[in-house]
Amino acid sequence: MKKIELEIVALSHSITQTHSYAVVLGEVGGLRRLPIVIGGFEAQAIAVALEKMQPSRPLTHDLMKNFMSAFNIELHEIIISDLQEGIFYSKLVCSSDNDTIEIDSRTSDALALAVRFGCPVYTYEHILDSAGIMMEDSSASKRRKSSPSAADDDDEDDTPASSGGKDDLRSLSLEDLNTLLNEVLEAEDYLRAIAIRDEINNRKKKK
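What you are looking at is a predicted structure, and each value in this text was computed from that prediction instead of being measured.

Q: Is there a simple way to think about the overall build of the protein in this case?
A: Counting its regular elements, the protein contains 8 helices and 8 strands. The 207 residues of the protein split such that 43% are buried. A sequence separation of at least 24 residues applies to 61% of the contacts in the protein between residues at least 6 apart. As displayed, the protein has an accessible area near 11600 Å², and 49% of this comes from carbon and sulfur atoms.

Set out below in structure tokens:
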């Protein structure tokens, strides 16, 4: 299968859920985005590496990189290889002096290591088709890498918690859902965009 290269374009903090984040991957040379929900610890691990911060002591992913480097193990690439029931599965493609192997990994851990090693991130067409979001040209230029530690929790109650709920989305027409999707993408609320995308995909499957 042909691999599609991705890059991290944003870390998004949920407006309505304090400890929820999404890492947003963008198709290199394209307009599709792949948002993936991750936890706060994983978001922080990615943000630290993106911002090239130097913690006083090694974080878990720094330790893993140091361990691999000490034994001449190189991380060549990561592949987001599967999507089952909303869960992304990834592989680390590593090599030593004698062998090249693929290691199963949580996607958030794989991305945290990819940033540290500076290696490429790939996925497949069928994953982007089922879980990706198409951006418009006007918003594709708005690439922003933001640290989750900079998110202001005091802003989270500006939008009612129920506004992105499944019941509300089910009451909207497909046209309204697509309009709402564009609005939340403009606001860079990728976690809400995931819920809307899933509802749109469910409608399409039922046709």
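Next, the rest of the story.
Q: Is there a simple way to think about the packing of helix H1 (residues 40–50) against helix H3 (residues 107–117) in this case?
A: Interaxial distance between H1 and H3 falls to 9 Å at its minimum, and their mutual angle equals 10°. One finds that H1 runs roughly parallel with respect to H3. Across from Glu-42, Ala-45, Ile-46, Val-48, Ala-49 and Leu-50 in H1, the residues of H3 making contact are Ser-108, Leu-111, Ala-112, Val-115 and Arg-116. Here the contact of H1 with H3 is built from residues that sort into 8 nonpolar, 1 polar and 2 charged.

Q: Got a minute to help me understand H3 in this structure?
A: Helical geometry: 3.6 residues make up each α-helical turn, so side chains three or four residues apart lie on a common side. Counting buried positions over the 11 residues of H3 gives 9, a clear majority of the element. Just downstream of H3, Gly-118 is the residue with a positive phi angle, here 70°.

Q: Just to check I follow, could you spell out the pairing of strand E1 (residues 3–13) for this structure?
A: In summary, the side chains of a regular strand alternate between the two faces of the sheet. Burial of E1 is extensive: 8 of the 11 residues sit out of reach of the surface. In this sheet, strand E2 (residues 20–27) lies alongside E1 in antiparallel orientation, the contact comprising 7 bridges. Bridging from a neighbouring strand, Ser-12 pairs with Ala-22 of E2.

Q: For this particular structure, what's the right way to read the pairing of strand E6 (residues 100–106)?
A: In this sheet, E6 lies alongside strand E5 (residues 87–95) in antiparallel orientation, the contact comprising 7 bridges. Directly across from Cys-94, in E6, lies its bridge partner Ile-101.

Q: So what exactly am I meant to see when it comes to the pattern of salt bridges here?
A: Opposite charge on two side chains lets them pair, provided their charged atoms get close. The full count for this structure, using the stated rule, is 10 salt bridges. Linking Arg-106 and Glu-42 is a salt bridge whose minimum nitrogen-to-oxygen distance equals 2.9 Å. Here Arg-106 is found in strand E6, whereas its partner Glu-42 is found in helix H1, with 64 residues between them in sequence. With a shortest N-O distance of 2.7 Å, Arg-116 and Asp-62 are connected by a salt bridge.

Q: Honestly, the state of the cysteines in this entry has me stumped. Any pointers?
A: Think of a disulfide as a covalent bridge from one cysteine sulfur atom to another cysteine sulfur atom. All told, the structure shown has 0 disulfides when counted by the stated rule. Residue Cys-119 stays outside any disulfide, its sulfur separated by 8.5 Å from that of Cys-94, the closest cysteine. Accessibility expressed as a relative area gives 11% for Cys-119, which makes it buried.

Q: Before we go on, may I ask you to explain the side chain of Arg-197 in this structure?
A: Mapped onto the fold, Arg-197 is located in helix H8 (residues 190–206). Reaching out from Arg-197, the side chain makes a polar contact with the side chain of Asp-198 at a distance of 2.8 Å. Contact partners of Arg-197, with chain neighbours within four places excluded, come to Pro-35, Ala-131, Gly-132 and Ile-133.

Q: Which parts of the structure should I look at to understand the sheet that holds E2?
A: Each strand in a sheet pairs with another by means of backbone hydrogen bonds, the pair being arranged parallel or else antiparallel. An order of E6-E5-E4-E7-E1-E2-E3-E8 is seen for the 8 strands of this open sheet, with the pairing classed as mixed. On the outer flanks of this sheet lie E6 and strand E8 (133–134), each paired with one strand and no other.

About the criteria used
Residues numbered from 1 in each chain as written. Predicted model: local features only at pLDDT ≥ 70, side-chain atom pairs only at ≥ 80, totals over all residues. Heavy atoms only, no water. Helix = DSSP H or I, 4+ residues; strand = E, 2+ residues; numbered from the N terminus. Buried < 20%, exposed > 50% of the residue type's maximum accessible area, 1.4 Å probe, protein only. Contact = heavy atoms within 4.5 Å. Areas by Shrake-Rupley, 256 points an atom, 1.4 Å probe, with all protein chains shown as cover. Axes fitted to C-alpha atoms, helices over the stretch in contact; angles between N-to-C directions. Parallel < 35°, antiparallel > 145°, perpendicular 65-115°, else oblique. Nonpolar A, V, L, I, M, F, W, Y, C, P; charged D, E, K, R; others polar. Pairing = 2+ DSSP bridges. Salt bridge = Lys/Arg side-chain N within 4 Å of Asp/Glu carboxyl O. Disulfide = S-S within 2.5 Å. Polar contact = N/O pair within 3.5 Å; in protein donor to acceptor, adjacent residues only side chain to side chain.

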